[in-house]
There are 4 protein chains.
Amino acid sequence: MSLPPSLPPEFHDIAKRVNNWGRWGRGDEIGTLNLITDEVVREAVRTVVSGQRVPLALDLKQDGVQTGMIPGRVNPLHVMIQINQELFGPGTVATSDDAVTFGLQAATHWDALTHVSHSGKIYNGRPAATITPHGRSGFSGIHTARHLVSRGVLLDVASAKGLDRLPGDHAVTPEDLDEAAEYGRVTVRAGDIVLVRTGQMRAYLAGDRHGYAFPSPGLSIRTPEWFHARDVAAVANDTLTFEIFPPEIENLWLPVHALDLVEMGMLQGQNWNLESLSTACAQSGRYAFLLSAMPEPFVGGTGTPVAPVALL
Amino acid sequence: MSLPPSLPPEFHDIAKRVNNWGRWGRGDEIGTLNLITDEVVREAVRTVVSGQRVPLALDLKQDGVQTGMIPGRVNPLHVMIQINQELFGPGTVATSDDAVTFGLQAATHWDALTHVSHSGKIYNGRPAATITPHGRSGFSGIHTARHLVSRGVLLDVASAKGLDRLPGDHAVTPEDLDEAAEYGRVTVRAGDIVLVRTGQMRAYLAGDRHGYAFPSPGLSIRTPEWFHARDVAAVANDTLTFEIFPPEIENLWLPVHALDLVEMGMLQGQNWNLESLSTACAQSGRYAFLLSAMPEPFVGGTGTPVAPVALL
Amino acid sequence: MSLPPSLPPEFHDIAKRVNNWGRWGRGDEIGTLNLITDEVVREAVRTVVSGQRVPLALDLKQDGVQTGMIPGRVNPLHVMIQINQELFGPGTVATSDDAVTFGLQAATHWDALTHVSHSGKIYNGRPAATITPHGRSGFSGIHTARHLVSRGVLLDVASAKGLDRLPGDHAVTPEDLDEAAEYGRVTVRAGDIVLVRTGQMRAYLAGDRHGYAFPSPGLSIRTPEWFHARDVAAVANDTLTFEIFPPEIENLWLPVHALDLVEMGMLQGQNWNLESLSTACAQSGRYAFLLSAMPEPFVGGTGTPVAPVALL
Amino acid sequence: MSLPPSLPPEFHDIAKRVNNWGRWGRGDEIGTLNLITDEVVREAVRTVVSGQRVPLALDLKQDGVQTGMIPGRVNPLHVMIQINQELFGPGTVATSDDAVTFGLQAATHWDALTHVSHSGKIYNGRPAATITPHGRSGFSGIHTARHLVSRGVLLDVASAKGLDRLPGDHAVTPEDLDEAAEYGRVTVRAGDIVLVRTGQMRAYLAGDRHGYAFPSPGLSIRTPEWFHARDVAAVANDTLTFEIFPPEIENLWLPVHALDLVEMGMLQGQNWNLESLSTACAQSGRYAFLLSAMPEPFVGGTGTPVAPVALL
């Protein structure tokens, strides 16, 4: 792995410590999802007490979270291709059909491991050039991440601090995660999917798309080691950029993406609406649950919309 | 409700018997999904024994199940909008992004209740004109069906008959459903999501898209009463058209769609890949499981791609 | 024709005077384009002196003139589907391909006659319901307007007044058009395509998309009679909305659209870049030229991108 | 320029003879379009006698010429985003809007010079890597080819041979072009846009899309030298692949594309409907005319839909 000058030594130091390349074989495509075993799922099922279902996806609509800041990552353009069309003649049963165009990372989504590269590599040391214009590289496309059900844990960092929403310049640290785990009386375990709530989604839900996007609290460059130490399977939160934005360290952009996706091989989720879940967990006193968050299997996708649901 | 001459009396007789309009209030938008209670979910969770996760979605790709027979219902056009782009300058962390255009009913999907109208009405007696060119009518759009987790039951009609795949002219009858339930030693209950396997998907998986599309086995016009009697929440199967196609009764097209979606208010799923599930159920001897099949919440969508997963 | 209360009598008075329904037969689909005869084209050809070609289309790109104000009228999302792909094996000739999603009225475009209806009617008295969700109604779709070449005349209203750009609240009147014709020493004739320059495009070209959109100078409700009296074939200008916006008469929105497209059956063009043409006409002293502005023949399109060219 | 083994010596021999790299400067982006001077346009204008306008574009529609053979090059998906929507309240003027998704090379189109590369180079010796995933490389994108009006010449190869349509295995040779020029009593000159008619379009117009696609007559590898000798500005024809397909020389795929686009820097047009033009030229006895064929200026486009028109 060549070290370009622009990624500083401190990045590479952490990278070495969280690196999972080869851990599940040189041909592995799913990284930390390997940590979700049948046993983990069985344990996750046991967390369900009330049967309450809490959906975590934002509405998919043209005035969604995207503001045009990221060219091409367009909000859904949803259009009708048939309306009450009597396909087989007048008076017959009529159908309505629709189609959509949108960026796979436009709304509530998972990043695929291929979403990010650094120093010419993607996860497991594969060359970044594996990703082709067709996006149909088999390797680590989102269609390979087909089993995203596990125990979910909400780390409600904002509530643990008695806040509705973290300030825009707040980098969520390992200490914050510990504090939130203690607040929820939950221990993060191998194979868990961790949901980190900052409260930032409140800006979007209140109609402030630009305030939601930037500046935004998010995960600190110090968190990948915390997740790595606990063998977390995946992490999602309620922000546009996942990590604090603008970044903690000047000119070091998207380091958490690079550490999580490239080095650890750990999926990240963004734009998850954790507001109802926060309420449900507070009311039940339970911060662990069964989480189903299946990717739409776009072959070669570097991301996917997802409609996660928590069963409490 | 006016009765146009082209829908015959036998259709209207059944329609009266399965009609649920007003059952959950005049403003209800989700029909039989009301039958999935927290208690049903709790019971569903109890069916999980091994923790095995069986995904049921087809790959989303340009050479998917659509053949052009239904204008506008296009297979996914998946394109890259960034490839390893160093957004913040040379040597920085690089990202890849993608976008997609496709018909919401193109692959493994749920029909929304608004997908079908007859005699000028959609579910709950609302005027068909509720569906606008924008598709953004709030009423009964797929975004209202946000809690699609329940007990799933596989009725493996093909296997119950010792067949890999039902013949193309086989209408699946109530008797067939009974036979399959007995084969799986399972009793269909209120709130269940029933998956009916015909084996037709084998044609597609073997590369024969046209043979998959037509002619196709599928549900008989007699099945809506069976589902209604058991208060089933939703039904999905492994065919393109859901019901037998071409239809049982000459010139009576899509009667099952009209009865299920319009009269009962019961969601239908199509193009579900039930092959692995068939194997898993046979091996475990258990034909009931926890099923998560969350719609992507396209506002006003008359359908949605779905990536269902069965937990056994 | 029923008269809904919201369109005031003054609108209907003008409507009667400019109405062309039935003038070219009840089945006519192209309205004033009938006025472009072979003789008109021959005369247009004679205006060409230097052979200079002046293109009038804006670049098609994602940060184009649309700002999201009109839902669904999206700027072009242009994506690569192949990049230097060696289709027939390594070392063979390689191809690059691309695709695009965009609103047909997003950039430099023609409105089809079907773009607007009022009082339940489109051009020639056809019911507005002629326009179906598929957009594939044959009647008056943009694909029927296949011969858009004629004499073009630039009425440079801004320059005639010694201005770079008209104020945002300036309604271009018949008197302004007369003044500009005199300024260009040109007489508008039957079959001409008239280009009206306000200079508003300068805002967009200077990077101010919102200032370009609104408020904007544009054609007055009094201009349709001026065009009708001269039997103009089509009119285009350099603004987003064509007519003055917000409108001259409170709560009377888009009256010029309704008069031009519905009553007269005269095509309108918007977002035409007339800046270079203004310079070329001023330099040559000739304000009439051969204009080719062929629609892309989208079947049933209610508009079309166009790349017009003036030959001077 | 490295010579990969798969492009044979005979290709490279021709390549050297037709190469125009550097002819109009190292920074040139438009190749042989430089040959269309104002004088050429003035001469072209003089060919117009009757004022007849003959449009040459195919309808843009979902069942267009593409059959799925080229992944991603999709026929237009044309959808309505508004239908008679009374934007400003009940009873106000109503608008209909539409949007489209399609491959830029899907129907009647120009290839941009960037559409093809060989041996790692595009036109003028630029690296093929100039073409990025965004397609927004400035260099030689179709938006740079903004002045496509010139003298058009129809070489009606099929009619010259007394045929409606050339056989599928007929490679159009320089001798065929000479024969057709003699048949039309026309001399091809510098700056001309040459339209070569094979009659193959008749298959598509008769409903046989697959027969249209393949096998197809088309230009021989020997024709680039013929065009080069005459300093032709651009060439279009009435086939899907432009050149004979499958190719004349085994395993030498798309050599004409590579010679025309990469070596000469000469635009190619495909899927042009030359049937009406053939009739008009035969009736008038004139095979030269004014041709306007303006690209839609998609920034960085490797192709563009075009609606050409011939003025006779």
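Conventions we followed
Residues numbered from 1 in each chain as written. Chains lettered and ligands numbered in written order. Predicted model: local features only at pLDDT ≥ 70, side-chain atom pairs only at ≥ 80, totals over all residues. Heavy atoms only, no water. Helix = DSSP H or I, 4+ residues; strand = E, 2+ residues; numbered from the N terminus. Rg over C-alpha atoms; globule rule 2.2 N^0.38 Å. Buried < 20%, exposed > 50% of the residue type's maximum accessible area, 1.4 Å probe, protein only. Lys, Arg positive; Asp, Glu negative; His and termini not counted. Charge placed at Lys NZ, Arg CZ, Asp CG, Glu CD. Salt bridge = Lys/Arg side-chain N within 4 Å of Asp/Glu carboxyl O. Pairing = 2+ DSSP bridges. Axes fitted to C-alpha atoms, helices over the stretch in contact; angles between N-to-C directions. Contact = heavy atoms within 4.5 Å. Buried area = accessible area lost by both parts, 1.4 Å probe. Polar contact = N/O pair within 3.5 Å; in protein donor to acceptor, adjacent residues only side chain to side chain. Core = buried A, V, L, I, M, F, W, Y, C linked by side-chain atoms within 4.5 Å. Least-squares fit on C-alpha atoms with pLDDT ≥ 70 in both. Nonpolar A, V, L, I, M, F, W, Y, C, P; charged D, E, K, R; others polar. Parallel < 35°, antiparallel > 145°, perpendicular 65-115°, else oblique. Phe/Tyr/Trp six-rings, centres within 6.5 Å; stacked < 30°, edge-to-face > 60°. Lys NZ or Arg CZ within 6 Å of the ring centre and 35° of its normal.

Asker: Can you break down the overall build of chain A residue by residue, with the values?
Answerer: The number of helices and strands found in chain A is 9 helices and 14 strands. Here chain A has a C-alpha radius of gyration of 20 Å; the compact-globule value for 312 residues is 20 Å, and the two agree. With the C-alpha coordinates of chain A rotated into their principal frame, the extents come out at 70 × 50 × 40 Å. Every one of the 312 residues in chain A was classed for burial, and the buried ones make up 68%. Positive and negative charge centroids in chain A, built from 24 and 33 side chains respectively, lie 4 Å apart.

Asker: Lay out the pattern of salt bridges in plain terms, naming residues and giving numbers.
Answerer: Evaluation of the coordinates by the stated rule reveals 56 salt bridges over all chains. Between Arg197 of chain B and Glu275 of chain B there is a salt bridge, and its shortest N-O distance comes to 3.0 Å. Here the residue Arg197 of chain B occupies a position in strand β8 (residues 193–197), and Glu275 of chain B occupies one in helix α9 (residues 275–284), the gap between them amounting to 78 residues. Classification of Arg197 of chain B as buried rests on a relative accessible area of 1%. Take Glu275 of chain B: its relative accessible area is 12%, and that puts it in the buried class. Within the structure, one salt-bridge network assembled from shared partners comprises Asp156, Asp164, Arg197, Arg202 and Glu275 of chain A.

Asker: Residues and numbers for the sheet that holds strand β11 (residues 267–270) of chain A, please.
Answerer: Residue and element names in this part refer to chain A. The strand order β1-β14-β12-β6-β8-β10-β11-β4-β13 describes an open sheet built from 9 strands, whose pairing is mixed. Unpaired on one side and paired on the other, β1 (53–55) and β13 (303–305) mark the two borders of the sheet. Sheet twist, expressed as the mean angle between neighbouring strand axes with direction ignored, is 25 degrees. Against the sheet, helix α8 (residues 255–264) makes contact with β4 (109–111) and β11, and its axis sits at roughly 135 degrees relative to β11, the strand it touches most.

Asker: Residues and numbers for the interface of chain B and chain C, please.
Answerer: With 8 residues of chain B at the interface, the matching set in chain C holds 8 residues. For the pair chain B and chain C, the two sides together bury roughly 440 Å², of which 71% comes from carbon and sulfur. For the pair chain B and chain C, the number of links is 0 salt bridges. Between the two partners, chain B and chain C, sit 0 residue pairs in polar contact (both at pLDDT 80 or more).

Asker: Residue-level account of the nonpolar core, with values.
Answerer: By size, the foremost hydrophobic cluster in this structure holds 174 residues, and its most contacted members are Leu195, Phe227 and Leu277 of chain A together with Trp110, Leu195, Phe227 and Leu277 of chain B. The residues contacting Phe227 of chain B, other than those within four sequence positions of it, are Leu177, Val194, Val196, Leu219, Val232, Val235, Met264 and Met266 of chain B. Counting residues in each nonpolar core, the second largest holds 172 residues, with Val153 and Val306 of chain C together with Ala15 and Phe227 of chain D among its members.

Asker: So, unusual backbone geometry: which residues are in play, and what are the values?
Answerer: Of note, the bond from Phe214 of chain A into Pro215 of chain A is cis; its omega dihedral lies within 30 degrees of zero at -10 degrees. Note that Pro215 of chain A resides in the loop between α6 (209–213) and β9 (218–219). Residue Pro246 of chain A follows Phe245 of chain A across a cis peptide bond; omega there is 0 degrees. Within the secondary structure layout, Pro246 of chain A lies in the loop between β10 (234–237) and α8. Not every positive phi belongs to a glycine, and Ser140 of chain C is a case in point at roughly 60 degrees. Mapped onto the fold, Ser140 of chain C is located in the loop between β5 (116–117) and β6 (149–156). We note that Phe242 of chain C has phi near 75 degrees; this positive angle belongs to a residue other than glycine. Along the chain, Phe242 of chain C falls in the loop between β10 (234–237) and α8 (255–264).

Asker: Tell me what's going on with the relation of the copies chain B and chain C, and back it up with residues and numbers.
Answerer: The transformation that overlays chain B on chain C combines an axial shift of 0.0 Å with a rotation of 180 degrees, and the residual RMSD is 0.0 Å. The two molecules are tied by a two-fold rotation axis, judged by turn and shift.

Asker: Can you lay out the interface of chain B and chain A for me, pointing to particular residues and giving the numbers?
Answerer: Of the residues lining the interface, 88 residues belong to chain B; the matching set on chain A comes to 88 residues. Buried area between chain B and chain A, both sides added, is near 7,100 Å², and the carbon and sulfur share of it is 59%. Of all residues in chain B, Arg53, Phe88 and Val93 of chain B give up the largest surface area on contact with chain A, accounting jointly for 10% of the area buried on that side. Between the two partners, chain B and chain A, sit 4 salt bridges. The shortest N-O distance in the salt bridge between Arg146 of chain A and Asp59 of chain B comes to 2.7 Å. Inspection of the region where chain B meets chain A yields 36 residue pairs in polar contact (both at pLDDT 80 or more). If one sorts the elements of the side of chain B that touches chain A by residue count, strand β3 (residues 94–103) of chain B sits on top with 10 residues. Looking at side-chain class alone, the side of chain B that touches chain A contains 47 nonpolar, 30 polar and 11 charged residues. Two elements, strand β3 (residues 94–103) of chain A and β3 of chain B, share 5 bridges in a ladder whose sense is antiparallel. Counterpart to Val100 of chain A in the pairing with β3 of chain B is Phe102 of chain B.

Asker: Summarise the environment of Tyr212 of chain A; cite the residues concerned and give the values.
Answerer: All names here are of chain A. In this fold, Tyr212 is placed in helix α6. Those residues in contact with Tyr212, other than ones at most four positions away along the chain, are Val65, Gln200, Met201, Ala203, Tyr204, Asp238, Thr239, Leu240 and Asn271. Among the polar contacts made by the side chain of Tyr212, one reaches the side chain of Asn271 at a distance of 2.6 Å.

Asker: I'd like a description of the relation of the copies chain B and chain A, backed by residues and values.
Answerer: Note on the identical chains: chain B maps onto chain A by a rotation of 180 degrees and an axial translation of 0.0 Å, with an RMSD of 0.0 Å. Most of the interface of chain B is mirrored in chain A, where 100% of its interface residues again form contacts.

Asker: Explain the packing of helix α7 (residues 223–230) of chain D against helix α8 (residues 255–264) of chain D residue by residue, including any values.
Answerer: Residue and element names in this part refer to chain D. Axis separation between α7 and α8 bottoms out at 9 Å; the angle between their running directions is 30 degrees. For the element pair α7 / α8, the angle class is roughly parallel. On the side of α7, the interface is formed by Thr223, Pro224, Phe227 and His228, while α8 contributes Val256, Leu259, Asp260 and Met264. A breakdown of the residues in the contact of α7 with α8 according to their chemical character gives 5 nonpolar, 2 polar and 1 charged.

Asker: Explain the packing of aromatic side chains residue by residue, including any values.
Answerer: As enumerated under the stated definition, the model contains 33 aromatic pairs over all chains in all. Aromatic pair Tyr204 of chain A and Tyr212 of chain A: ring centres 5.9 Å apart, planes at 50 degrees, arrangement tilted. Pair check on accessibility: Tyr204 of chain A and Tyr212 of chain A agree, each one buried. Taking the centre distance of 5.6 Å and the plane angle of 90 degrees together, the rings of Trp226 of chain A and Phe227 of chain A count as edge-to-face. What makes Trp226 of chain A buried here is its relative accessible area of 6%. For Phe227 of chain A, a relative accessible area of 0% corresponds to the buried category. Chaining the aromatic ring pairs together yields one cluster made of Phe88 of chain A together with Phe214, Phe245 and Trp253 of chain B. The residue whose ring lies beneath Arg230 of chain C is Trp226 of chain C, and the NZ or CZ to ring-centre distance is 3.9 Å.

Taken by themselves, the reported measurements are silent on function.
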